[in-house]
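Chains, contacts and geometry: an overview
Take a look at the letters that make up each chain.
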Amino acid sequence: MIVILKQNTDQMQLDRLITWLKNSGVDVHTSVGQSQTILGLIGNTQHIDIDLISQLDIVEDVRRVQEPYKNANRKFHPNDTVIKVNENVSIGGGNLTLIAGPCSVESEEQICAIAEAVKKSGATMLRGGAYKPRTSPYSFQGLRTEGLRLLSLAKQHTGLPIVTEIMDISQLDGFGDVDVIQVGARNMQNFELLKALGTTRKPILLKRGLSSTYEELLMSAEYIMAGGNDQVMLCERGIRTFETYTRNTLDVAAIPVLKQLSHLPVIIDPSHSAGKSALVDPLSCAAVAAGADGLIIEVHNDPAHALCDGPQSIKPEVFDALAKKLAVIKGAISK
Ligand code: PEP
Ligand code: MN
């Protein structure tokens, strides 16, 4: 249920309403927007008398929210959520954030060289997997704790905040220096992991599962937010369809739909979407044109010898040209 307040409400009356609602057993989430303040009620609202609240002086309107996701719902929070990472980076609210780096951290030289290159091209965060979810147990599984250490080193060298994937709650203690925790597509519905991340105060990049609906993705975001962590980014990374030519199929419609349903930033991963480096440029352009808040792109200085996802990785010089093109597209749609 949401309670839309009239403008310039009397603070005492508002405090009294909030206390009354809390005493009725619901959580109250206040969203102060430019033109409207909205109270989002979470919990069992069945017994709350809509007519009674509607009649209050300070109340403009009361509506039931049908969707099962509340915190993530745009109705609860009409303005875009802007996530701040390390003071310098703001994601959402009209910014275009470029996150770039290799699929996996392989060595100090590799991660530091790529970090420096992508920073020069305009990336504001560095990605790199330390823990890798691989389809085959015989494939490279990531450098794990050593990978985290090397990411920290690259962060020290470049100042770029780091984004890396967590696969299990037991790894969380090692994520102290990680700026954004990625939940991979395969873990989107690892509910215990999502609950644990809800207790942290770190931004979460939540990837859409290979065959998950928008509502399932939003419900996974809700798990994190229900724990009190409202810094969630939604990431479309391609879904499984009947097409086998590409690794997955980028669902461009996810951008406007998720942004309509939710206030959370939407990030696109064109690398896993197609699985082919040649498609990263056009898919990135499409994503920015469709209103994405950011992109997470796999960049490798030697894709042919990458230990993971070489075929979909672009070289630093290709990323550089792409970043310039994306700035033009962003400028054109922002006019
Ligand atoms: C990755 O980012 O390298 C990755 C494994 O992503 P996804 O979970 O989308 O497959
Ligand atoms: Mn990858």
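Quick caveat: nothing in here was measured; it's all calculated off a predicted structure.

Moving on to the site of ligand 1. Contacts to ligand 1 come from 13 residues, most closely from Arg-127, Lys-132, Ala-185, Arg-186 and Arg-237. A distance of 2.9 Å separates an oxygen atom of ligand 1 from a polar side-chain atom of Gln-182. In isolation ligand 1 has 300 Å² of accessible area, and contact with the protein removes 97% of it. Looking at the shell around ligand 1 residue by residue, the classes come out as three nonpolar, three polar and seven charged.

With domains assigned, the protein chain is organised as domain 1 (2-63) and domain 2 (83-334). Taking only C-alpha atoms, the centre of domain 1 and the centre of domain 2 are 37 Å apart.

Right, let's get into the sheet that holds strand 2 (residues 27-32). Read across the open sheet, the four strands follow the order 2-3-1-4; overall the sheet is antiparallel. Because the sheet does not close on itself, it has two edges, and the strands there are strand 2 and strand 4 (59-63). Neighbour-to-neighbour, the strand axes of the sheet open up by a mean angle of 20 degrees, direction not taken into account. Strand direction decides the pairing type here: strand 2 and strand 3 (residues 37-42), joined by six bridges, are antiparallel. Across the sheet, residue Val-28 finds its bridge partner in strand 3, namely Leu-41. The strands that helix 1 (residues 11-23) touches are strand 1 (2-5), strand 2, strand 3 and strand 4; relative to strand 3, the one it contacts most, it runs at about 10 degrees.

The next point concerns the sheet that holds strand 11 (residues 204-207). Pairing is parallel around the closed barrel formed by eight strands, whose spatial order is 7-8-9-10-11-12-13-14. Geometrically, the sheet is characterised by an average inter-axis angle of 30 degrees between neighbouring strands, direction not taken into account. Sheet topology places strand 12 (residues 232-236) next to strand 13 (residues 266-268); three bridges connect them, and they run parallel. Each residue of the ladder has a partner; that of Leu-234, found in strand 13, is Val-266. Packed on one face of the sheet, helix 4 (residues 145-158) meets strand 8 (125-127) and strand 9 (162-166) and runs near 165 degrees to strand 9.

The rules behind these values
- Residues numbered from 1 in each chain as written.
- Chains lettered and ligands numbered in written order.
- Predicted model: local features only at pLDDT ≥ 70, side-chain atom pairs only at ≥ 80, totals over all residues.
- Heavy atoms only, no water.
- Near = heavy atom within 4 Å.
- Polar contact = N/O pair within 3.5 Å; in protein donor to acceptor, adjacent residues only side chain to side chain.
- Areas by Shrake-Rupley, 256 points an atom, 1.4 Å probe, with all protein chains shown as cover.
- Nonpolar A, V, L, I, M, F, W, Y, C, P; charged D, E, K, R; others polar.
- Domains from an automatic or database assignment.
- Pairing = 2+ DSSP bridges.
- Helix = DSSP H or I, 4+ residues; strand = E, 2+ residues; numbered from the N terminus.
- Axes fitted to C-alpha atoms, helices over the stretch in contact; angles between N-to-C directions.
- Contact = heavy atoms within 4.5 Å.

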